[in-house]
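A structural walkthrough
Letter by letter, the chains look like this.
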Amino acid sequence: MHIDTLKSLALDALEELKARDITQLDVSSLTEVTDLMLIASGTSTRHVAALAQNVVEKAKAAGLAPRGVEGGDNADWVLVDLGDIVVHVMLPEARTLYDLERLWADLPNDGFKADESFEQFEERASMS
């Protein structure tokens, strides 16, 4: 599934159940794990679980099986891995505590490369 279609599907699923403060982070230059992260807030643990479940159901209805779901009922943070997109649904308190937006924004773009050893990274970093 094209990433724009997948993003629209996830955003629609979150907006349908009134997710709050939806943020998109393009992390494609920072990690090979995923290209885009969506972060949204729910008003209660039930709301967080329902938002995540709606993302899962919409993905399955479109023929895409999520790679994984972490968290669940009574959780303050649920992660839905859709491959190219990872969706984080959090209570506002958890979102403030973990501050994923700042965490990912502060990562350097020229950090450790997947195909180099830690020693090579340290050597390259010391020459900067």
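A few points on the structure.

Quick notes on the rules
- Residues numbered from 1 in each chain as written.
- Predicted model: local features only at pLDDT ≥ 70, side-chain atom pairs only at ≥ 80, totals over all residues.
- Heavy atoms only, no water.
- Helix = DSSP H or I, 4+ residues; strand = E, 2+ residues; numbered from the N terminus.
- Buried < 20%, exposed > 50% of the residue type's maximum accessible area, 1.4 Å probe, protein only.
- Contact = heavy atoms within 4.5 Å.
- Pairing = 2+ DSSP bridges.
- Salt bridge = Lys/Arg side-chain N within 4 Å of Asp/Glu carboxyl O.

1. Re the overall build of the protein
- Per the secondary structure count, the protein includes five helices and five strands.
- Reading the protein from its N end, one meets helices and strands in the order α-β-β-α-β-β-β-α-α-α.
- Per-residue burial over the protein gives 36% buried out of 128 residues.
- Taking the intrachain contacts of the protein between residues at least 6 apart in sequence as the baseline, contacts between residues at least 24 apart amount to 54%.

2. Some points on the side chain of Asn-54
- Here Asn-54 shows up in helix H2 (residues 45-61).
- Ignoring anything within four residues of it in the chain, the contact list for Asn-54 reads Ala-13, Glu-16 and Leu-17.

3. Examining the pairing of strand S2 (residues 36-41)
- Counting buried positions along S2 yields six of six residues, so the element is predominantly enclosed.
- One ladder, built from six bridges, connects S2 with strand S5 (residues 85-90); its direction is parallel. If you follow Met-37 over to S5, its bridge partner there is Val-86.

4. Considering the pattern of salt bridges
- Summed over all chains, the structure comprises three salt bridges.
- Ionic pairing is found between Arg-95 and Glu-101, a salt bridge with its closest N-O pair at 2.6 Å.
- Judged by relative accessible area, Arg-95 falls into the buried class, the value being 10%.
- Of the charged contacts in the structure, one is a salt bridge between Asp-99 and Arg-102, with a shortest N-O distance of 3.2 Å.

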